[in-house]
Structures are given as structure tokens and as C-alpha cells.
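Chain residues, written in single-letter form:
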Amino acid sequence: MLMSIRNLQKHFGDNEVLQGVNLDIEKGDVVVILGPSGSGKTTFLRSLNFLERADGGTVDFDDRHYDLQEVSDRQIAEVRQKTAFVFQNYNLFANKTALENVTLGLTAGRGVKKEEALRIGREALQKVGLSDREDYYPAQLSGGQQQRVGIARAIAVRPEVILFDEPTSALDPELVGEVLEVMRQLAKEGTTMIVVTHEMKFAREVASHVVFMADGKVVEEGSAEEIFIKPKEERTRKFLQRILPEEYEAAALI
């Protein structure tokens, strides 16, 4: 088991956003988290990388145990060395080129020498199809290209897990495909990913494990077929009927 999350809790004031979430992730898994807005999906993802501090729960990651309520700065740094986060809105530095955005985490965050960082950065940009854009600034790139730079930045640090927070939600529809194609390729290569997304076709095709969340809880989880074709919970069925009315009705007849 690469990562085991137990009883993860998070409150914002009186609002209990995460109510004891449990999840197990094996190396090479593509875990897709679905659910309505406000279900706690993004908060869950951010808590795993300590962009939000959880109020309770534990994570066992790579044979190390972390109490999320009492985790130290050293432990946070340790987890972040093994993970990478791809944001909804790219989070690129506007005053740095694509290559500089990719290499900054290597040189400043991990002490990699500049020459080696440039080599790794160029390899990462090539992997996402942007070798010819390494000297472009974010303002000169489309949204899809900016997000691919964000993915290149994530894979450059060679993490054990990449966390994707709705990576296509800020994109125009015609740009979504180029980002999803990069993610499909990463999945084929065995990259461990946890993906919060509303891209149902991607989830059905790529996910090794699907989690449906609502009201801060895991309502149901299983394979893509189990969740999309034969969901057990009424809450899951209602969500699918709303999001995929035609596809779900057809699948439900099989």
C-alpha cells in the first residue's frame, strides 16, 4: 500500500467539510474523485499536501506514519518531497518562462543544480508536447498550454503521487482534450494519480478506482464499471443521472 488515509477531518468554523474520509491508494493507481460542488473533494486533496491543515486523521505514506493534527514542519516537507500538485488555475509565475516555471521547484525547492534542472525541465516539457514553447511566458500560452506546463512542473520533480485538482475546469472546452491526453499518457506509464474532476469520460476510461463524495463523506467507491454502471447508493445514482442523463440511462439498461 503506497498511501492509506484514515478518518481525515476538516472544519471551517461550524462547517464540517470532511467527516472522517478513508481511502487506500496502491502504487500505479489512478484514483478519480467525483461529487457535487461543496462535497469536500478539493479540501480533501489539499489536505493531503498540507495546503490545508486537517483537524484530524492519519496518513500512512511510503511506510511513514503521519498524524495530521500534530504533523511537524519537517514531516510536511517530507510529504511534499514525494508529491506534486496540479492546480485548477495553473499557478504559474507570470514573469518566468515555461522552462523557468518547471525548473524552479527543482533548483529552489530541491537543490538540483541548474544544468541538471534544465535537462529535466526540457524532458518534462517534451513529455507534455511543449518543447517549442520553453521560452514562452504564461501570457503567450493558451490555457491548455499553461496547464500542460503545470503538469510538466509536477512530473519534473518525479513525485510518487500527483494530485490533480480539477485540472480542466478553467479551460475552454476545445482545450480540455490536450490536457486529458497528457494525463492519459501518464496513467499508461503507471503514474500514481489522485484526480478531482468532472470529466466523466476520462474517469470511465482511465480510473482504476472511482470515489464518489457528498457532504464531506465517501458515499461509494469501486471500479469505474461498478460506479458508472452498477452504483449501489441512491446518492450516487442521482448524481450520475443529473451529470450523465443519456449515458447513465443507457448503461443502466445493460
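Here, the structure is the one placed above.
Residues numbered from 1 in each chain as written. Predicted model: local features only at pLDDT ≥ 70, side-chain atom pairs only at ≥ 80, totals over all residues. Heavy atoms only, no water.

K.L.:
Could you clarify how one ought to interpret the overall build of the protein chain in this entry?
P.N.:
What the protein chain contains, in helices and strands, is ten helices and ten strands. Relative to a compact globule of 254 residues, whose C-alpha radius of gyration would be 18 Å, the protein chain shows 18 Å and is just as compact. Principal-axis analysis of the C-alpha atoms places the extent of the protein chain at approximately 55 × 45 × 35 Å. Contacts spanning at least 24 positions in sequence make up 62% of the contacts within the protein chain whose residues lie at least 6 apart. Summed over its atoms, the accessible surface of the protein chain is roughly 12,100 Å², and 45% of this surface lies on carbon and sulfur atoms. With 32 positive and 41 negative side-chain charges, the protein chain shows a separation of 3 Å between the mean positions of the two kinds. (Helix = DSSP H or I, 4+ residues; strand = E, 2+ residues; numbered from the N terminus. Rg over C-alpha atoms; globule rule 2.2 N^0.38 Å. Contact = heavy atoms within 4.5 Å. Areas by Shrake-Rupley, 256 points an atom, 1.4 Å probe, with all protein chains shown as cover. Lys, Arg positive; Asp, Glu negative; His and termini not counted. Charge placed at Lys NZ, Arg CZ, Asp CG, Glu CD.)

K.L.:
Quick question: what am I supposed to make of the sheet that holds strand β4 (residues 56-61) here?
P.N.:
Backbone-to-backbone hydrogen bonds join strands into a sheet, with any given pair of strands oriented parallel or antiparallel. Overall, antiparallel pairing links the four strands, which are arranged β2-β1-β4-β5 in an open sheet. At either end of the open sheet lies a strand with only one pairing partner, and these are β2 (15-25) and β5 (64-67). Strand-to-strand twist in this sheet, taken as the mean axis angle between neighbours without regard to direction, amounts to 15 degrees. In the sheet, strand β1 (residues 3-12) pairs with β4 via five bridges, with the strands oriented antiparallel. By the bridge assignment for β4, I5 is matched with V59. Each of β1, β2 and β4 touches helix α1 (residues 41-48); the most contacted strand, β1, lies at about 120 degrees to it. Against the sheet, helix α2 (residues 73-81) contacts β4 and β5, and its axis sits at roughly 125 degrees relative to β5. (Pairing = 2+ DSSP bridges. Axes fitted to C-alpha atoms, helices over the stretch in contact; angles between N-to-C directions.)

K.L.:
Even after reading the chapter, I still don't get helix α3 (residues 98-110), so can you show me in this structure?
P.N.:
The end-to-end C-alpha distance of α3, which contains 13 residues, comes to 18 Å, matching closely the 18 Å that a straight helix rising 1.5 Å per residue would cover. Helix geometry: α3 is bent most strongly at L104, by close to 35 degrees. By the burial criterion, the buried members of α3 are A98, L99, N101, V102, T103 and L106. On its buried side, α3 packs onto α4 (114-127) and α5 (143-156). A positive phi of about 70 degrees marks G111, the residue just after α3. (Expected span 1.5 Å × (residues − 1). Bend = angle between axes of the 7 residues up to and from the residue. Buried < 20%, exposed > 50% of the residue type's maximum accessible area, 1.4 Å probe, protein only.)

K.L.:
Before we go on, may I ask you to explain the layout of surface pockets in this structure?
P.N.:
Unoccupied space between atoms shows up once a probe the size of one water molecule is rolled over them. As a volume, the largest pocket reaches approximately 560 Å³. Around the largest pocket, the lining comprises 22 residues; the ones closest to its centre are A84, F85, G105, R110 and R153. Sorting elements by how many residues they give to the lining of the largest pocket places α3 first, with eight residues. Residues that form the lining of the largest pocket fall into these classes: eleven nonpolar, eight polar and three charged. (1 Å grid on protein atoms, 1.4 Å probe; cavity = no way out; pocket = protein on both sides within 12 Å on 5 of 7 lines; lining within 4 Å. Points joined across faces, edges and corners; volume = space filled by probe spheres on them. Nonpolar A, V, L, I, M, F, W, Y, C, P; charged D, E, K, R; others polar.)

K.L.:
Just checking my understanding: could you explain the packing of α3 against α4 for this structure?
P.N.:
When two helices pack together, their arrangement is captured by the angle between the axes and the distance separating the axes. Look at α3 against α4: their axes get within 9 Å of each other, and the N-to-C directions meet at 125 degrees. As the angle between them shows, α3 and α4 are arranged oblique. The element α3 and its partner α4 pack so that their crossing is right-handed. Here A98, L99, V102, T103, L106 and T107 of α3 come into contact with α4, specifically with K114, A117, L118, I120, G121, R122, A124 and L125. Here the residues of the contact of α3 with α4 sort into nine nonpolar, three polar and two charged. (Parallel < 35°, antiparallel > 145°, perpendicular 65-115°, else oblique. Left-handed = near helix turned anticlockwise from the far one by under 90°.)

K.L.:
Before we go on, may I ask you to explain the pairing of strand β8 (residues 193-196) in this structure?
P.N.:
Strand residues, when the strand is regular, have side chains that alternate between the two faces of the sheet. A two-sided burial pattern is seen for β8, the buried positions comprising M193 and V195 on one face and I194 and V196 on the other. With four bridges connecting them, strand β3 (residues 30-34) and β8 associate as parallel partners. Across the sheet, V30 pairs through a bridge with M193, a residue of β8. Taken together, the four bridges between strand β7 (residues 161-165) and β8 define a ladder with parallel strand orientation. What sits directly across from F164, in β8, is V195. The parallel pair β7 and β8, bridged by helix α6 (residues 173-188), forms a crossover whose chirality is right-handed. (Right-handed = clockwise from strand over helix to strand, strands pointing away.)

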